[in-house]
Amino acid sequence: MTEERATGQAPEEIRSEADFLAEQNEQMRIRASKLAALREAGKDPFETVVYPVSHHAADVTGDFERLEGQPVCLAGRLMGKRGMGKASFGDLQDRTGRIQLFVKVDELGEEAYGEWLKLDLGDLVGVEGTAFRTNRGEISVRVGRYALLSKCLRPLPDKFHGLKDMDTRYRQRYLDLIVNPEVKETFYRRSAIIKTIREYLDGRGFIEVDTPMLAAIAGGATAKPFTTHHNALDLELYLRIAPELYLKRLIVGGFERVYELGRMFRNEGISIRHNPEFSMMEVYQAYTDYKGMMALSEGVLSTCAQAVLGTTHIVYQGVELDLTPPFARRTMREAVLEHSGVDFDQVADAAEARRIAADRGVEVPKDAAKGEVMNLFFEHFAESKLIQPTFIYDYPTEISPLTKKKPGRPDLTERFEIFISGREYGNAYSELNDPFDQRERFVAQVKKREAGDEEANEMDEDFLTALEYGLPPTGGLGIGIDRVVMLLTDSYSIRDVLLFPTMRPVRASEAERAPDENGGA
RNA sequence: GAGCCAUUAGCUCAGUCGGUAGAGCACUUGACUUUUAAUCAAGGGGUCCGGAGUUCGAGCCUCCGAUGGCUCACCA
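None of these values were measured; they are calculated from a predicted model.

Caption draft 1: Expanded view of the packing of helix 15 (residues 435–450) against helix 16 (residues 461–469). Packing of helix 15 against helix 16 brings their axes to within 9 Å, and their N-to-C directions diverge by 160 degrees. By the angle between their axes, helix 15 is roughly antiparallel relative to helix 16. Crossing hand, helix 15 versus helix 16: right-handed. In this structure, helix 15 uses P435, Q438, R439 and F442 to contact helix 16, whose residues at the interface are E461, F463, L464, L467 and E468.

Put into structure tokens, the structure is as follows:
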């Protein structure tokens, strides 16, 4: 909050080329001196602005019958060099993959060939030549002319082992992308999944909307928010934890079918399944209920699998999963009964529920309601056993403050969550549209909040006002995009489906804190 | 937030009992006109994560710290 905070990097951190040449690393010095020589000869690669690319690596390899002997022009990163004296081979990597280059002194001339030999692995080059097949049968480009388009001044990670160090892979994702091809594939699939979801919903009359990420009230979910501050308004704001309450206002406004696909922020722990910022899809559809959302969930998930894998029979971490609709359906009570032997319909009240929890070694809060205990039993005994896609429905009212109650069962709500491979993928319900009931639920949440529950909802008067104007019966659904991407890319950790996962910054200099530890200078 | 493990050349990794630091790839130089982890020969390259301690001597033992990974807890 101080004025100095805006200060950027210190000027002495701006590095001249001479400083760069003085770097410790021998390989960097050599690369930098090659650049200096090129500049001196009037061939500065960084002056290049465009290159007339006509084909990509996969075009040439995939359409070779048609392209054999034809002129092609490609650009990319030089990833392999195999010199043979007066001829040499190289590997060019572009966004579609790799292709072999064949370079001969006869075709390039002495000077250009000599310069070719000085290229470094990682340099960005453009090549013009003809598509052909070598004696050993590899589809290649016979290079007639080439241009160095940008210089790579640092040595790349091992060409065979790639980059393995997880810290470096996440912090310097560009390196991971350059040398580990499967990483690119994951993010191509991520893009395809998001595109498929948009097409699926757009084709069914939904419109995509953007609601505030900066909000005065962090509502719509139970989670700890990040806080921030707006200077001009002198206002404390939260980064959103869910778009739900805004999207339902839009249903009140008459859009009838809306969705939002975007980033959420929750100030909680980091794990293999959790990142402080993550992506979620939320959908609201008027005149349907949670059953309608089950069909929509099945449609979205199976369509995504079909789009990126061509099948709904997938393998995640060695386990075969069948995403073909319809998914299994069971009530929470049934799942808990099956996996713990306890029938919560036979449990009289919260006190008895807490006694059973104590007997069974399930930790519950001292004042836990019966429904909360059942939910904890579900998480403790049942959740990890739900491998094939399963809708668990009839959630307790106490843990569902925005959900319509089940007719004839005020202790249960019309809500379900989707479980696959022992993990939650989505959450949906018949939206509570009774403003009186909603106010009571908010009041109950506020009480929990006052009792110290930082995750409980705040009162949202404007949302209640919107409900008083009339929210049609509406079904709502949220699906965690990152987890879907993990599922369909067989990724073990959420960090593997986020380009830049949240990391602790590396301390600039250890020396800065040394005096403290040495007890002063 | 707690526990366990890791950190050695640009990258991937060895490092014995505590005795002056090793390999492969990459790099440099030379040979080689169809190789593909090209090959062959020679060479250069180190803040052993940081700090303190024990010791005649520490990459290795002890303590403190940094960062990451995994597990657990909270959550999606």
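There is more to say, and it comes next.
Caption draft 2: Looking closely at the pairing of strand 13 (residues 319–322). Bridge count between strand 12 (residues 313–316) and strand 13: 4 bridges; the pairing is antiparallel. Within strand 13, the residue paired with V315 across the bridge is E320. Hairpin connection, strand 12 to strand 13: the antiparallel pair is bridged by 2 residues, and Q317 has positive phi, about 50 degrees.

Caption draft 3: Looking closely at the domain arrangement of chain A. Domain boundaries assigned for chain A yield domain 1 (18–155) and domain 2 (183–327 + 388–497). Once you take the C-alpha centre of each, domain 1 and domain 2 turn out to be 48 Å apart.

Caption draft 4: Structural detail: the protein's contact with RNA strand B. In the vicinity of RNA strand B, 59 residues are found, and the nearest of them are E26, R136, K159, H274 and R483. For RNA strand B, the fraction of atoms within 4 Å of the protein that belong to sugar or phosphate moieties is 58%. Note that a sugar or linking oxygen of RNA strand B is positioned 3.0 Å from one of the side-chain N or O atoms of N25. Within the contact set of RNA strand B, a base oxygen lies 2.6 Å away from a side-chain nitrogen or oxygen of Q100. Elements represented by at least two residues in the surface near RNA strand B include exactly helix 2 (26–40), strand 1 (71–83), strand 2 (87–94), strand 3 (97–104), helix 5 (105–108) and helix 7 (166–171).

Caption draft 5: Structural context of the sheet that holds strand 9 (residues 235–239). Strand order in the open sheet formed by 3 strands is 7-9-8, with antiparallel pairing between adjacent strands. The sheet is open, and its two edges are formed by strand 7 (214–215) and strand 8 (227–230), each paired on a single side. Relative to strand 9, strand 8 is paired through 4 bridges, and the arrangement is antiparallel. Across the sheet, the residue bridging to H230 is L235, located in strand 9.

Caption draft 6: Broad picture of the packing of aromatic side chains. Throughout the structure, instances matching the rule amount to 9 aromatic pairs. For the ring pair F102 and F132, a centre distance of 5.8 Å and an interplane angle of 45 degrees mean the geometry is tilted. Taken together, the residues F102 in strand 3 and F132 in strand 4 (residues 124–133) connect sequence positions 30 residues apart. Here F102 and F132 have matching classes, each one buried.

Caption draft 7: Structural detail: the sheet that holds strand 5 (residues 139–150). Ordered by their spatial adjacency, 5 strands build a closed barrel running 1-2-3-5-4, and the pairing between neighbours is mixed. Going across the sheet, the axis of each strand differs from the next one's by a mean of 55 degrees, ignoring polarity. Here strand 1 runs beside strand 2; their pairing, made up of 6 bridges, is antiparallel. When the sheet's bridge partners are listed, G80 is paired in strand 2 with D91.

Caption draft 8: How the structure looks around the pattern of salt bridges. Throughout the structure, instances matching the rule amount to 34 salt bridges. A salt bridge links K151 to D123; the nearest nitrogen and oxygen atoms lie 2.8 Å apart. One end of the pair, K151, is in the loop between strand 5 and helix 7; the other, D123, is in the loop between helix 6 (110–117) and strand 4, and 28 residues separate them in sequence. For the pair K151 and D123, a shared accessibility class is recorded, and that class is buried. Notably, a salt bridge pairs R263 with E277, separated by 2.6 Å at the nearest N-O pair. Here the residue R263 occupies a position in strand 10 (residues 257–265), and E277 occupies one in strand 11 (residues 277–286), the gap between them amounting to 14 residues. Each of the salt bridges in this network shares a partner with another, and the network as a whole consists of R333, D343, D345, R409 and D411.

About the criteria used
Residues numbered from 1 in each chain as written. Chains lettered and ligands numbered in written order. Predicted model: local features only at pLDDT ≥ 70, side-chain atom pairs only at ≥ 80, totals over all residues. Heavy atoms only, no water. Axes fitted to C-alpha atoms, helices over the stretch in contact; angles between N-to-C directions. Helix = DSSP H or I, 4+ residues; strand = E, 2+ residues; numbered from the N terminus. Parallel < 35°, antiparallel > 145°, perpendicular 65-115°, else oblique. Left-handed = near helix turned anticlockwise from the far one by under 90°. Contact = heavy atoms within 4.5 Å. Pairing = 2+ DSSP bridges. Domains from an automatic or database assignment. Near = heavy atom within 4 Å. Polar contact = N/O pair within 3.5 Å; in protein donor to acceptor, adjacent residues only side chain to side chain. Phe/Tyr/Trp six-rings, centres within 6.5 Å; stacked < 30°, edge-to-face > 60°. Buried < 20%, exposed > 50% of the residue type's maximum accessible area, 1.4 Å probe, protein only. Salt bridge = Lys/Arg side-chain N within 4 Å of Asp/Glu carboxyl O.

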